[in-house]
Amino acid sequence: MSAEEKEVLKLKRLAVANKAQAEAMGRDWQRQQDVKRAFESVDDGDGTLGKAEFKEVLELLGLHARPPNVDEGVPSSKLFDTRFEAWWLEADAYKAGVVDMTQALGVLPDKVCAALEADEKTRRKKVAYRELLLMEAEDFDAEEPDEADLDPIQRALREPLRGYQPFKLETRAPDPAPAAWRDDGGATGKQCAAPPLPEDGAVREGWRSLETHQLIAVERGLEALPLILGSTLLQQLGVVRISLPRNKIETLHCFSEAPAVGCRGLSMLRELRLPRNNLKCLPEDVGLFRQVEQMDLSGNALTALPRSFLELEALFSLDLTHNNFKTLPDDLGELTRLETLALAENILQKLPSTLPRLHELTALDVSGNGLTHLCVFPNLPEVARIRTPGEADWDCRMEPKSRRYYYCNTRTGRVQKVLPAALRLAKEEKGGKLKLGKNRRGPAPGAKVPGVDSKLKMNTISYNHRKVELARLGVDEWDVAWSDGDGATVYTSRVNGDREFKIPSSLDKLGSLRSLTELKIDRNQLRDLPPSLAQLKELKLFRCRDNYIRSLADNMGELQKLTNLDCATNELSELPPSFARLTKLTFLSLQSNRFEKLPPLIGKLTGLKRLMLGNNALVTLPYEVGFLTTLEELQVFNNPLEDPPYETISDLPAMMWSCRQKYWALINGPVPVVVARKVGIADEIHEPEPAYQERIGRVVEEAAATGRMELQLQGVTEIPGAVRVSRNPDVWDHLHLAGLKVLKLSMNHFAAPPLFSPSLGNLRVLWLTQCEIRAIHDDVDHLQKLRELILEDNFLTKLPRTFPRLRRLELLNVAKNRLYELPENLGNLTSLTKLDLAMNNLEHLPLSITQLRMLEDLSVASNHLYKLPELTSLENLTSLNLDANGVHILPPRLGQLPLRSLRASHNRLERLGADTLLGRAEATLEHLGVASNNLLELPSCIPACTALRCVQVEYNPMRNPPAELLSEGVEILLQYCRIRDARLEKFKQLLTEFQFDYDELHMAPEAFGVITGRSGFLTPDDLTAFDKECDAYLNGPYYACPKTDVDILERVDNLRHEREHTFYHTILLSLIDLMREEISSHGDPGKRRFGHGVLLEETRPWGREGEEVGSYALSLDALVKLGRPNRYRKKERPALFDVLKERLPPSLFDYTLEVLKDAIVKYQGPYGHVAQLDKVEFERCECVDEKGRGMGHEPCVLPAICIEKIIYSQGEAQRRVQEDDKIRSAWAKLWQDLETKIKQRHGKLILNNEVHRRKRTVQTRIKGCKEALDAAKSKVKEENEKFEIAKRRKINFENGDAFNFHRLSSAEEAQQLEVDAAEKVDAAQQSVKSSEGGLAMAKQQLKMPPKVLLQIAIEDVKRKYCVVKWQEIIDENRREAIDSGWRRPWDGKDGKLFEDYSRRWAPGLNAGQDCDTLPVWIKKLRPDATQIFTPDPNLPPGAVQAKTAAQIAYELFPFDWRETDDMTLYENQYYDAFEADYITEDMAAQNRKVARNLRHLERTGKTLDKNFAPEDVKQALGTTDGGEIRA
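Residues numbered from 1 in each chain as written. Predicted model: local features only at pLDDT ≥ 70, side-chain atom pairs only at ≥ 80, totals over all residues. Heavy atoms only, no water.

S.K.: How should the overall build of the chain be read in this particular structure?
M.R.: Along the backbone of the chain there are 31 helices and 44 strands. Counting the 1527 residues in the chain, one finds 44% classified as buried. Of the contacts made within the chain by residues no fewer than 6 positions apart, 50% connect residues no fewer than 24 positions apart. Here the chain displays about 81300 Å² of accessible surface, and carbon together with sulfur accounts for 51% of that area. (Helix = DSSP H or I, 4+ residues; strand = E, 2+ residues; numbered from the N terminus. Buried < 20%, exposed > 50% of the residue type's maximum accessible area, 1.4 Å probe, protein only. Contact = heavy atoms within 4.5 Å. Areas by Shrake-Rupley, 256 points an atom, 1.4 Å probe, with all protein chains shown as cover.)

Below, the structure written as structure tokens:
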């Protein structure tokens, strides 16, 4: 390498180093500026910050905590709090509560940078490891990584996967779906009765995927994607469609169960439909769905789309309706293949910036978002990168010799060293001074936004420079707001402050969607539409309902392909002239706007089929409507339409023909009309006008003379006799009818409202029935003397305001009209006695109607009334007709009126109040009609209506009285109501006596939820059953109920106690089982949790006879408190009650300490309480003080719960009593049989022989005792000698003699030698005493009189056979208990004997084996049947075999004294108690008592009865020398 090349290389390296150093200095300066701006944004001017402001600064710098679904949850809230506290404490002025800004600026930037880099590394590590898990999950046989090789973050991510087990595929065919079920998997598909999935839904769905490459599961309750999607086989085959609508899926990843179920494993997916689930976010790797074409995510809770979503290049249909999107990515336009985009029902504030780039989009729906405009703001990063004019002309070059840089303009040739102005902005952007990455819609923290410069002109270079500068600060060029004056949309420039009321062209980009055919912008807050909308040449459907649009675009007619236009519920008042060009329009809706008239251009829409104009202010329709020959539907409801008449709209062809005729009449002039009058009922008479006028004139002259005019059915169109009285053509009067009193003009055809001139002021009666009158003018107040007015069957919609001035009016009939309201001062008609308002459209009555105190008859039938005012002031009202309305409840205190007839049928009455008819109506009401309502019962006040003759209650869901009684007459109904009220009152009293809380309103008309409190542990089913019984007893046909009220309440009361007993029993049994397990684990220190210091076994006098039974004792602290580790336990010990709650079965009631306390205190078994709270002395003390030191209580007495080990059930107690009764009855019969046999001659002989045998046995025993005594005495002598030798050896050892004299090696051995010799002497002496006692006892027994010996023998044989019988009965009952699965807790201590018996014999007995379970010694005592009687096989038929001597002897005395010499075999405490109960005070009983005690004295050396004295034995032996008897 040459020297020149080395120099060049050196310069390059130096330049790189300088560049790196410059970049590092720039980064440091940028960090300091960021921190400074953050401090300045929260600084209040004093240069210091408090703790709260310091925390806000850290959040502004991007160090705030993230939720788990944002940025991988890094940093966490815990990490943020740790950094905040550490940095706050490091500040110098933290003790004063503030941080000095200059001090913080010195060290904080480096810490912030380091923290941000650490967070970014942690995020990347989490994402990388999650991808690693996804790759590992593709093969379940992959080797698991070693836990030691993982860092803490990876170990935390891997924690949910520890319990994951790979699923298995089963070779099973899917169940065929029934024909009635069809599910297309769509969110809007019709839901039918779907076949149920098998238990393993994942297997079922997985095999469906294998067969059809699609997964469809509608409303299955799935909470995650089926795990079968993660199998290697299914990922190789691929799933192209997933449709899981109406489930509960929250995420597309299942790392906790199957890591492979995710986006990477579904790379072949083309259609994803997850509507109406619980999705809150999409995974960051959703962009791996490279082939997905359709995606339906509607009805979820999504708020944002991940960055990788924009990588779905194949997506052409996207549905995001009913989510929570506020904004969408500005780069949404990168999805260039998108054809359908549904964004309805979100909370979008603006449209994405790149939306116009979706040139293939055909359908767009942004309804229900609250958009205030349809502006498309430019993408700020793109605006910020707009090159300044002239920037491309400059080039940066280097001079070879001096190696200095200079700038050359390639267009002009100008050269300069300083940076040109055109390049200055670009340099600032490259240097990082302008941040555009976050694309904010407002100023960045700490950045200063340039003010408005009104001198700048739009589209100039200066204007564009300022716009670019604003874009780099994250600020849009235009600001959109509403005008405070008229609410119009105002667009204000942030560059020069110009205000425009039309959308600027830079924001009007919606017309770029040239392929759009459907556009829906309903339910927003739009004020106007963008002009570019007319550029959508392919648009066929456009909907903008429920907005505030005031006008359509002037160029609206350019949408030549538009067929459906819906602009309902806006503020439109006119249509643009170009609208006439929309000739292909078939549907047009302008409902609920502000149109007062339609332009004639509407007639040019020749293709129109449906025209909706309802709810406007149209008075007329243009006659050009008649030329819409294809029109099929026209809606003009809720318009003050006059021409054409509203009633002609129903006949659409006739109306259109009429419009065409009127149109041609306007063009060509009117058609001549021949006038003729139609007279008669059916207008069958046609009378020429001159003749008609002459006839009417004669009638007027006659009426003037008689004061009466009647012209019914005469074709009259006005009141005859009117003449003009002045030059004014509008002033008319009836001068010739000044004396007219009666005027009847019914059934005519009035063309205009009738004229009531002042000359008609003397009228008394006026009939205008069926005259087609549409209105009455205010001149009706001229009829001041009118008393009867009939306007029935006309077209009146309201009465004039002067109508209430007719104060003498007594009868008013305006039935069969169209009145929808009455004058508020109708109450001024104080003379009114009858008012008929039936068959109108009234929705309410004026409050002044209560002032008609003279009113007797009121009819408002067939209206739309839902509520009536209080009518108690109408004190003369006798008839009230409310039929065919929508009344829910009658007016209160209606019974205070003297009503004779009350009709309220065909309403919506649900109940009649108890006080509805209380008052004067009880004595006057004769007719009550409430048919065809929703009544379930009649009120309790009905029986008090004594004058009632007719009650109409048909067609009600009546329960009280039942439907079968409704046709039985009024008396039967009244009697039913009286009896039912009495039953109801008695039932309430009984509920109180049985201590139940109840709700009186829930007893009738249908009993439900009667018991509201103090129900104990009654289940909802129990309460429902009780409600049914109450309902059968109180409501409906109660006379058919077989149960009485006492029976019903006693049953539910017993059930309440039974449920409580069962609930407490379950808790206590579970507690006992748990204590037993803990006690059994005391031998295993590894499993022991509750030691002897808190849990022990004891006894309590809780047996049937007060005897001691086994129990457990547990300290209350161990029961309810968590045991912290201390010197007595290494691990944390849970509270036993918490462990108990996990063991207890699920219940409708909560397991609380109060419930446990009630169970301990209240529960009683068959023998009384089984548990109690008491202070117990424990074996050792485990108490510690606050410092963890043992307290060492001696003794340690703690409050504890004591509970019996075995809790008897009622069935067990009953079986125990039955067993005792069976044994006692068997023993009593055995005693009776034995005493009967002994009294016989053969029995006495055998008994005497047994007594003699026993004497001989005693003599032999005496001889043996003497020999044993001699041997014992010899042994004592021998041991004494050995003891003396031992003492001498010890003395020789102590004296220090030679070893051969004592053979002892130590003093301890010498001492032990002497102690052992002394113990042997004591044992030999004790043997002598025992032998002497046995000899004395044998001698005393030999001296017993024969009577006592006989009694002892009898007692022994009784005991023998009774014990044998007891053993047989016990064995029989044990077998039965094994077969039935019963316990026998009384069989042995805590049922131990029965447990041993079951353990030995239960397997064989359950297997059906013939097992002889009696003890061996019982089998030996049984007599040998072959020795008693052996059948003779050679005996001829019919012959009787003679009895043998053994058989005869057995029949005479079937008892023997075998195995009775040692009676210890027959010891039985139950027999001892039985024997003591049968001793009386007679002589025989006294002998039995002596025999019992002597036998026990012989065996044990002690008497059996504590009150048995030695004198009784002496008396029985017949001795008086005071021989020693030991008791």
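S.K.: What should I look at first to understand the environment of Thr830 in this one?
M.R.: Take Thr830: it is sitting in the loop between β30 (811-813) and β31 (834-836). Here Thr830 falls in the partly exposed class, since its relative accessible area comes to 40%. Sequence spacing of Thr830 and Pro804 is 26 residues, and the spatial spacing of their C-alpha atoms is 9.3 Å. The residues touching Thr830, leaving out its near neighbours within four places in the chain, are Leu852 and Met854.

S.K.: Looking at this structure, how should I read the pairing of strand β13 (residues 478-482)?
M.R.: For a regular strand, side-chain orientation follows a simple rule: the groups alternate between the two sheet faces. In this sheet, strand β14 (residues 489-493) lies alongside β13 in antiparallel orientation, the contact comprising 5 bridges. Residue pairing for β14: Asp479 is matched across the bridge by Thr492. (Pairing = 2+ DSSP bridges.)

S.K.: So what exactly am I meant to see when it comes to the sheet that holds strand β43 (residues 1171-1178) here?
M.R.: Each strand in a sheet pairs with another by means of backbone hydrogen bonds, the pair being arranged parallel or else antiparallel. Reading across the sheet, the 4 strands line up as β39-β40-β44-β43 and stay open at both edges, with antiparallel pairing between neighbours. A single partner strand is all that each edge strand has here, and the edge strands are β39 (1095-1100) and β43. Within this sheet the neighbouring strands show an average axis-to-axis angle of 40 degrees, counted without direction. Relative to strand β44 (residues 1196-1204), strand β40 (residues 1109-1115) runs antiparallel, the two being bridged by 5 bridges. (Axes fitted to C-alpha atoms, helices over the stretch in contact; angles between N-to-C directions.)

S.K.: Sorry, what's going on with the nonpolar core here?
M.R.: Across soluble globular proteins, nonpolar side chains have a tendency to be buried as a group. Ranked by internal contacts, the top residues of the largest apolar core, which has 94 residues, are Phe289, Phe542 and Phe579. Among the elements that take part in this core, helix α11 (residues 652-668) stands out by supplying 4 residues, more than any other. The contact partners of Phe579, leaving out residues within four places of it in the chain, are Leu552, Met556, Leu565, Leu585, Leu588, Leu601 and Leu605. Grouped together as the second largest cluster of nonpolar side chains are 85 residues, Leu766, Val814, Leu874 and Tyr976 included. (Core = buried A, V, L, I, M, F, W, Y, C linked by side-chain atoms within 4.5 Å.)

S.K.: Where do I start with unusual backbone geometry in this structure?
M.R.: Outside of glycine, negative phi angles account for most residues, and trans bonds account for most peptide bonds. The omega torsion of the bond from Asn960 to Pro961 falls at 0 degrees, within 30 degrees of zero and hence cis. Summarising the element assignment, Pro961 is placed in the loop between β36 (950-952) and α14 (970-993). Residue Pro1005 follows Ala1004 across a cis peptide bond; omega there is 0 degrees. Looking at where Pro1005 falls in the secondary structure, it is placed in the loop between β37 (997-998) and β38 (1011-1013). Its identity as a non-glycine residue notwithstanding, Leu713 has a phi of 55 degrees, on the positive side.

S.K.: Can you walk me through the packing of aromatic side chains in this structure?
M.R.: Remark: the centre distance and the inter-plane angle together describe each pair of aromatic rings, the angle taken between the planes. The full count for this structure, using the stated rule, is 20 aromatic pairs. A ring pair is formed by Phe627 and Tyr663, whose centres lie 5.1 Å apart and whose planes are at 85 degrees; its orientation type is edge-to-face. A residue pair is termed long-range when its members are at least 10 positions apart, and Phe627 in the loop between β20 (610-612) and β21 (633-635) and Tyr663 in helix α11 qualify at 36 residues. On the basis of an interplanar angle of 35 degrees and a centroid distance of 5.9 Å, the ring pair of Phe987 and Tyr1033 is categorised as tilted. Here Phe987, found in helix α14, pairs with Tyr1033, found in helix α15 (residues 1020-1034); they are 46 residues apart in sequence, far enough to count as distant. This pair shows no difference in class: Phe987 is buried, exactly as Tyr1033 is. Here a set of aromatic residues connected by ring pairs shows up, and it is made of Phe1017, Phe1063, Tyr1064, Phe1149 and Tyr1151. The ring of Tyr1033 has Arg983 sitting right over it, with the charged end atom 3.9 Å from the ring centre. Against the face of Phe996 rests Arg1056, its NZ or CZ located 4.0 Å from the ring centre. (Phe/Tyr/Trp six-rings, centres within 6.5 Å; stacked < 30°, edge-to-face > 60°. Lys NZ or Arg CZ within 6 Å of the ring centre and 35° of its normal.)

S.K.: Looking at this model, I keep getting lost on the pattern of salt bridges. Mind explaining?
M.R.: Side chains that differ in sign of charge can pair as their charged atoms come close. Taken as a whole and judged by the stated rule, the model has 65 salt bridges. Linking Arg1143 and Glu1077 is a salt bridge whose minimum nitrogen-to-oxygen distance equals 2.7 Å. Taken as a pair, Arg1143 in helix α18 (residues 1136-1143) and Glu1077 in helix α16 (residues 1045-1080) lie far apart in primary sequence, 66 residues in all. The class of Arg1143 is partly exposed, set by a relative accessible area of 42%. A salt bridge links Arg1374 to Asp1387; the nearest nitrogen and oxygen atoms lie 2.6 Å apart. Here the residue Arg1374 occupies a position in helix α24 (residues 1346-1380), and Asp1387 occupies one in the loop between α24 and α25 (1392-1406), the gap between them amounting to 13 residues. Judged by its relative accessible area of 6%, Asp1387 falls in the buried class. Through salt bridges that share partners, Glu1250, Arg1253, Arg1254, Asp1356 and Asp1461 make up one connected network. (Salt bridge = Lys/Arg side-chain N within 4 Å of Asp/Glu carboxyl O.)

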